[in-house]
Amino acid sequence: MTVADVSQFRAWIADTSAMLTEQAEHLTDLDRAIGDGDHGTNMARGFAACAALPDADGEGIDAYLKKVGMTLVSQVGGASGPLYGTFFLRFAAPLAGATSVGPTEVAQALRAGVDGVVARGKAEVGDKTMYDALAPAVRAFDGAASGGADLAGCLEAAAVAAAGGRDSTEPLVARKGRASYLGERSAGHLDPGATSATMLLESAARSLG
Amino acid sequence: MKKLLNDPADVVVEALAGMAAAHPDRLDVDLEHKLVLRAGGPVQGKVALVSGGGSGHEPMHGGYVGTGMLHAACCGEVFTSPVPDQILAATQAVDGGAGVLHIVKNYTGDIMNFEMAAEMAAEGGGAQVASVVTDDDVAVQDSAYTTGRRGVGVTVLLEKIVGAAAEEGRSLEECLALAQKVNGQGRSMGMALTSCTVPAAGKPTFELGEDEMELGIGIHGEAGRARVPLAPAREIAEDLLGPVVADLGLARGESVIAMVNGMGGTPLLELYLMYNEVHRILAAAGVTVARNLVGNYITSLEMAGCSVTLLRADDELVRLWDAPVDTPGLRWGV
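Everything numeric in this text was worked out from a predicted model, so none of it was measured.

Undergrad: Even after reading the chapter, I still don't get the overall build of chain A, so can you show me in this structure?
TA: Across its full length, chain A carries eight helices and two strands. Traced from its N-terminal end to its C-terminal end, chain A shows the element sequence β-α-α-α-α-β-α-α-α-α. Over its C-alpha atoms chain A spans a radius of gyration of 16 Å, differing by no more than 12% from the 17 Å that the globule rule assigns to 209 residues. Residues counted as buried form 59% of the 209 residues belonging to chain A. A sequence separation of at least 24 residues applies to 70% of the contacts in chain A between residues at least 6 apart. Accessible area for chain A stands at about 7300 Å²; split by element, carbon and sulfur atoms hold 54% of it.

Quick look at the structure:
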């Protein structure tokens, strides 16, 4: 499939919610190692609220995703709420008025969303954050799109790259977020935010492509 | 997990309902937004202080709402910062026309949520908001490339002192400058004897052996900078005070406001024993303790351990410290 409409974006959020609920304990365990042990429960709660958003007739993709962003901001708390909320609010903006989107539009949206995360969190690659998964995902998506891949192919490439970025966080010493307080002790653990960000993109590859 | 609970998901709201029932004369509790507010609505013509953060640090912050201290506290889930909607609702509820000071501890989540709330308040054209960020934890290496130091014990002292200044009728700019001064001359360091269990997680955040302690912890049950063998209290007091005194550059002849704070699961017997050590070390260094606070003021659920906060004192700060305060958590002069 080369295009996605609002129902598939809804499916993306529902699939992400299911995955986060299933993986909540895993994420919380990761967070317990280098954070404060609440990432799984907070993310599962926030996305469950998004998955439960009522279906509005004739709603555009951007309107729906803005609601997702606002819901995450108001439901998740911690740093993840503003970061994931900002991701969806910015992701939605370039899709204004669109009823179905292909690789070009999603590439723009993904870049805008990730730029929003960077603006809010001020992270750089290598800081051991969700951006370590998102940055290679954006590059891989763009690379696949310019190579002529369809939406499914682009998202698959992004998900694979995100997983690689997630795995790259394990040896890193955290420079942002709560894990940074551990200094050298933060090395040797996967970053929980990079892990949940990878789940979001893997879910997109399953639902949107 | 053994805790006094009904459902772990309801712990914050049910505790807030308890605060409302316990202090109906002093507090208004907004259960929908999870806010603790002073009874009687906004104080016209005076700066209002709004603080907040994750729950689990009681009495901070809800216990510090009242005359001479905070106007509102925004309560997040356990160890999770409050969300912008809550902070915005608190800001609007307490604005008496003289502006609102947000008191934010330097944690990534707290910073982002308070920032978004301040942006929303500015967009709405409502209350004038200024923010102070506390970052007094010397256990964290400070660097331009990292999140920086955590906000911990000095937050309690700041809320008391700036609360007194707001009560005197100082402007938002003056309250902000005072808050920055307090943060700038206060430092803390903490240690843990045990971990703690977040109700929703159900198991301890970390495991600590019988003969081990964590040095340089924050207030969220997170592990510290180093795991070291348990030592006698006098050595622990040296370990905590050394970096604090050095970082403040305290000199012989200076005076401080000192807090020995329990993390939630430490008996007062041990906290006073620690205060004795702290007092002894400071006396030997020629530093006078002008005022002190010993007890559980900024906690980490049921964690055992303590933190030490020193605030370089001057006549102005001591006078504001002594001003009347009437909150569930701190009360004197009334």
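Next comes the rest of the account.
Undergrad: Would you take a moment to explain the UniProt feature "domain: DhaL" (unreviewed entry) in chain A for this structure?
TA: On the UniProt side, "domain: DhaL" (unreviewed entry) is annotated at positions that read residues 7-206 of chain A here. Taken end to end, residues 7-206 of chain A has its terminal C-alpha atoms 13 Å apart, with 68% of it in helix and 1% in strand.

Undergrad: Sorry, what's going on with the packing of helix H4 (residues 80-92) of chain A against helix H8 (residues 192-207) of chain A here?
TA: The axes of two packed helices give the description: the angle between them and the distance between them. All names here are of chain A. The contact between H4 and H8 brings their axes to 12 Å, and the two run at 30°. Put simply, H4 runs roughly parallel to H8. Seen along the crossing, H4 lies across H8 with a hand that is right-handed. For the pair H4 and H8, contact is made by Tyr84, Phe87 and Phe88 and by Gly193, Ser196, Ala197 and Leu200, respectively.

Undergrad: It is not clear to me how the environment of Ala9 of chain B should be interpreted in this structure. Could you clarify?
TA: Residue and element names in this part refer to chain B. As for its position among the elements, Ala9 is in the segment before helix H1 (11-22). Judged by its relative accessible area of 58%, Ala9 is exposed. C-alpha of Ala9 to C-alpha of Thr67: the two residues are 58 residues apart in sequence and 31 Å apart in space.

Undergrad: Is there a simple way to explain helix H7 (residues 268-284) of chain B in this structure?
TA: Residues three or four positions apart in an α-helix share a direction because the helix packs 3.6 residues into each turn. Residues and elements named next belong to chain B. Along its 17 residues, H7 runs 24 Å from first to last C-alpha, staying within 8% of the 24 Å computed at 1.5 Å per residue. Where H7 is concerned, the buried positions are Leu271, Met274, Tyr275, Glu277, Val278, Ile281 and Leu282. With its buried residues spanning 160° around the axis, H7 presents them on a single face. Along H7, exposed side chains directed more than 90 degrees from the buried face belong to Leu269, Asn276, Ala283 and Ala284. Of the surrounding elements, those touching the buried residues of H7 are helix H6 (233-248), strand E10 (255-262), strand E11 (288-295) and strand E12 (305-312). Of the residues flanking the end of H7, it is Gly286, one or two places downstream, whose phi is positive at about 75°.

Undergrad: What is the right way to look at the interface of chain A and chain B in this model?
TA: The parts lose accessible area when they come together, and the size of an interface is often stated as this lost area. In this assembly, 32 residues from chain A lie in contact with 37 residues from chain B. Interface area, chain A with chain B, both sides summed: about 2700 Å², of which 53% is carbon and sulfur. Interface area lost by chain A to chain B is led by Arg32, Arg120 and Tyr181 of chain A, which between them contribute 28%. Counting across the interface, chain A meets chain B through five salt bridges. Put simply, Glu115 of chain B and Arg120 of chain A hold a salt bridge, and the shortest N to O gap is 3.3 Å. Where chain A meets chain B, there are seven residue pairs in polar contact (both at pLDDT 80 or more). Of all the elements in the fold, those that place two or more residues in the side of chain A that touches chain B are helix H1 (6-34), helix H2 (39-51), helix H3 (61-75), H4 and helix H5 (103-121) of chain A. The biggest single contributor to the side of chain A that touches chain B is H1 of chain A, with four residues. Each residue belonging to the side of chain A that touches chain B can be placed in one class, and the counts come to seven nonpolar, 13 polar and 12 charged.

Undergrad: Would you mind going over the packing of aromatic side chains with me for this structure?
TA: The geometry of an aromatic ring pair comes down to the distance between the two centres and the angle between the two planes. Residue and element names in this part refer to chain A. Per the stated rule, a full pass over the model turns up 10 aromatic pairs over all chains. Ring centres of Trp12 and Phe88 lie 5.4 Å apart, and the angle between their planes is 50°; this geometry places the pair in the tilted category. Here the residue Trp12 occupies a position in helix H1, and Phe88 occupies one in helix H4, the gap between them amounting to 76 residues. Across this residue pair, the class does not change: Trp12 and Phe88 are buried. With a centroid separation of 6.2 Å and an interplanar angle of 65°, the aromatic rings of Phe47 and Phe88 are classed as edge-to-face.

Undergrad: What exactly am I supposed to notice about the nonpolar core here?
TA: A general tendency of soluble globular proteins is for nonpolar side chains to be buried together. Membership of the largest hydrophobic core comes to 62 residues, with the highest contact counts inside it found for Val36, Leu49, Tyr64, Leu101, Ile161 and Val162 of chain B. Of all the elements in the fold, those that place two or more residues in this core are H1, strand E4 (72-78), strand E5 (100-105), strand E6 (129-134), helix H4 (154-167), helix H5 (172-184), E10 and helix H8 (315-322) of chain B. Among the elements that take part in this core, H4 of chain B stands out by supplying nine residues, more than any other. When neighbours within four sequence positions are excluded, Leu49 of chain B is seen to be in contact with Met69, Leu70, His71, Ala72, Leu101, Ile103, Glu159, Val162, Gly163 and Ala166 of chain B. By size, the runner-up hydrophobic cluster in this structure holds 57 residues, among which are Phe9, Val114, Ala135 and Leu200 of chain A.

Undergrad: What's the story with the pairing of E11 of chain B in this structure? I'm lost.
TA: Regular strands have side chains that alternate between both faces of the sheet. As paired elements, E10 of chain B and E11 of chain B share seven bridges and run parallel to each other. The residue of E11 of chain B that forms the bridge with Ser255 of chain B is Thr288 of chain B.

Undergrad: It is not clear to me how the sheet that holds strand E7 (residues 186-192) of chain B should be interpreted in this structure. Could you clarify?
TA: The strands that make up a sheet are held in pairs by hydrogen bonds between backbone atoms, and each pair lies either parallel or antiparallel. Residues and elements named next belong to chain B. The six strands lie next to each other as E9-E8-E7-E12-E10-E11, forming an open sheet whose pairing is mixed. Of all strands in the sheet, those with a lone pairing partner are strand E9 (226-229) and E11, marking the two edges. Between one strand and the next, the sheet's axes are offset by a mean angle of 20°, whatever the strand orientation. Taken together, the two bridges between E7 and strand E8 (residues 212-215) define a ladder with antiparallel strand orientation. Along E8, the bridge assignment pairs Met191 with Leu215. Of the strands in this sheet, E7, E8 and E12 are in contact with H6, which crosses E7 at around 160°. H7 rests against E10, E11 and E12 of the sheet, and its axis sits at about 165° to E11.

Thresholds applied
Here the residue numbers are simple positions, counted from 1 along each chain's written sequence. Chain A is the first chain written and ligand 1 is the first ligand written, with later ones labelled in order. Restriction of local features to residues with pLDDT of at least 70 applies here, the model being predicted, together with a cutoff of 80 or more for giving and counting side-chain atom pairs; totals for whole chains, interfaces and linings are based on all residues. Neither water nor hydrogens contribute to the side-chain values; these are computed over all heavy atoms in the structure. A run of DSSP states H or I qualifies as a helix once it reaches four residues; a run of E qualifies as a strand once it reaches two. Both are numbered from the N-terminal end. Values of the radius of gyration come from C-alpha atoms, whereas the globule rule sets the reference at 2.2 Å times the count of residues to the power 0.38. Here the term buried applies to any residue with accessible area under 20% of the maximum for its type, exposed to any over 50%, and partly exposed to those in between, with areas from a 1.4 Å probe on protein chains only. Note on contacts: a residue pair qualifies if any of its non-hydrogen atoms lie within 4.5 Å across the two residues. All accessible areas in this document rest on Shrake-Rupley with a 1.4 Å probe, and a residue is counted as covered only by the protein chains that are shown. UniProt positions are given in the numbering used here, feature names are shortened, and annotations may be inferred rather than shown by experiment. All axes are obtained by fitting lines to C-alpha atoms, using only the stretch in contact for helices, and the reported angles, taken between N-to-C directions, cover 0 to 180 degrees. These descriptions rest on fixed angle ranges, namely under 35 degrees for roughly parallel, over 145 for roughly antiparallel, 65 to 115 for roughly perpendicular, and the rest for oblique. Helix crossings fall into two classes, left-handed where the near helix is turned counterclockwise from the far one by less than a right angle and right-handed where it is turned clockwise. To estimate how far a helix should reach, multiply one less than its number of residues by 1.5 Å. Summarising the geometry, the arc corresponds to the directions from the helix axis toward the C-beta atoms. Here the quantity called buried area is the accessible surface, traced with a 1.4 Å probe, that two parts lose on coming together, added over both. Salt bridges, as used here, are contacts in which a Lys or Arg side-chain nitrogen is within 4 Å of a carboxyl oxygen on Asp or Glu. Two N or O atoms form a polar contact when they lie within 3.5 Å of each other; inside protein one atom must be a possible hydrogen donor and the other a possible acceptor, and for residues adjacent in sequence the pair counts only when both atoms belong to side chains. We call Asp, Glu, Lys and Arg charged. Ala, Val, Leu, Ile, Met, Phe, Trp, Tyr, Cys and Pro are nonpolar, and the rest, Gly among them, are polar. In this scheme Phe, Tyr and Trp rings, the latter by its six-membered ring, pair at centre separations within 6.5 Å, and the angle between planes marks the pair as stacked below 30 degrees, edge-to-face above 60, and tilted otherwise. Residue types Ala, Val, Leu, Ile, Met, Phe, Trp, Tyr and Cys, when buried and joined through side-chain atoms within 4.5 Å, form a set referred to as a nonpolar core. DSSP-based pairing: two strands are paired if at least 2 bridges between them are found.

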